[in-house]
Amino acid sequence: MSFFGLGIDRLALFAFAVMLLALTPGPVWGYLLSRTLTQGRRAGYFSLLGVAAGVVVHVLLAALGITVVLLAVPFAFDAIKLAGAAYLLWLAV
């Protein structure tokens with residue numbers, strides 16, 4: 001069986017590596033912990049859902065090779081960075 005040109009064994013190894021990286025402590029854990037402690041369990045769950053959705057999107061894009069496209073076309077990467085910055089400014093306002 002093949003998925004994106006990978007065998008099921010390599011896909012399982014990739015999924016395991018992604019899970020390990022997602023579970024390592026970092027800034028996201030601090031964010032989730034502080035949000036849960038200050039605003040309650042419900043806010044923590046919603047934050048966790050948002051972080052998990054972001055991880056899923058990032059992993060899917062990486063698995064589909066979008067990273068290679070962004071490296072090959074610098075304008076696309078810059079456009080995404082600027083769009084992200086504009087979105088963060090909009091949220092701040």
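Further up the page is the structure itself.
How each quantity is defined
Residues numbered from 1 in each chain as written. Predicted model: local features only at pLDDT ≥ 70, side-chain atom pairs only at ≥ 80, totals over all residues. Heavy atoms only, no water. Helix = DSSP H or I, 4+ residues; strand = E, 2+ residues; numbered from the N terminus. Rg over C-alpha atoms; globule rule 2.2 N^0.38 Å. Buried < 20%, exposed > 50% of the residue type's maximum accessible area, 1.4 Å probe, protein only. Areas by Shrake-Rupley, 256 points an atom, 1.4 Å probe, with all protein chains shown as cover. Axes fitted to C-alpha atoms, helices over the stretch in contact; angles between N-to-C directions. Parallel < 35°, antiparallel > 145°, perpendicular 65-115°, else oblique. Left-handed = near helix turned anticlockwise from the far one by under 90°. Contact = heavy atoms within 4.5 Å. Nonpolar A, V, L, I, M, F, W, Y, C, P; charged D, E, K, R; others polar. Salt bridge = Lys/Arg side-chain N within 4 Å of Asp/Glu carboxyl O.

Draft legend 1. Molecular detail of the overall build of the protein chain. The secondary structure content of the protein chain amounts to five helices and two strands. For the protein chain, the succession of helices and strands along the chain, N to C, is β-β-α-α-α-α-α. Relative to a compact globule of 93 residues, whose C-alpha radius of gyration would be 12 Å, the protein chain shows 17 Å and is clearly more extended. Principal-axis analysis of the C-alpha atoms gives the protein chain an extent of 45 × 35 × 20 Å. Out of the 93 residues belonging to the protein chain, those deemed buried represent 5%. In the form shown here, the protein chain has an accessible surface area of approximately 7800 Å², with 78% of it arising from carbon and sulfur atoms.

Draft legend 2. Layout of the packing of helix H2 (residues 27–39) against helix H3 (residues 41–64). At a closest axis distance of 6 Å, the pairing of H2 and H3 adopts a crossing angle of 155°. The angle between H2 and H3 falls in the class roughly antiparallel. Where H2 crosses over H3, the handedness of that crossing is right-handed. Listed contacts from H3 to Val 28, Tyr 31, Leu 32, Arg 35, Thr 36 and Gln 39 of H2 are Arg 41, Ala 43, Gly 44, Ser 47, Leu 48 and Val 51. Of the residues assigned to the contact of H2 with H3, the class counts are six nonpolar, four polar and two charged.

Draft legend 3. Representation of the pattern of salt bridges. On inspection of all chains with the given rule, the structure shows one salt bridge. One salt bridge in this structure joins Asp 78 and Lys 81, with 3.8 Å as the shortest N-O distance. Here Asp 78 and its partner Lys 81 are both found in helix H5 (residues 74–92), three residues apart, which amounts to about one turn of the helix. Residue Lys 81 is classed as partly exposed on the basis of its relative accessible area, which comes to 47%.

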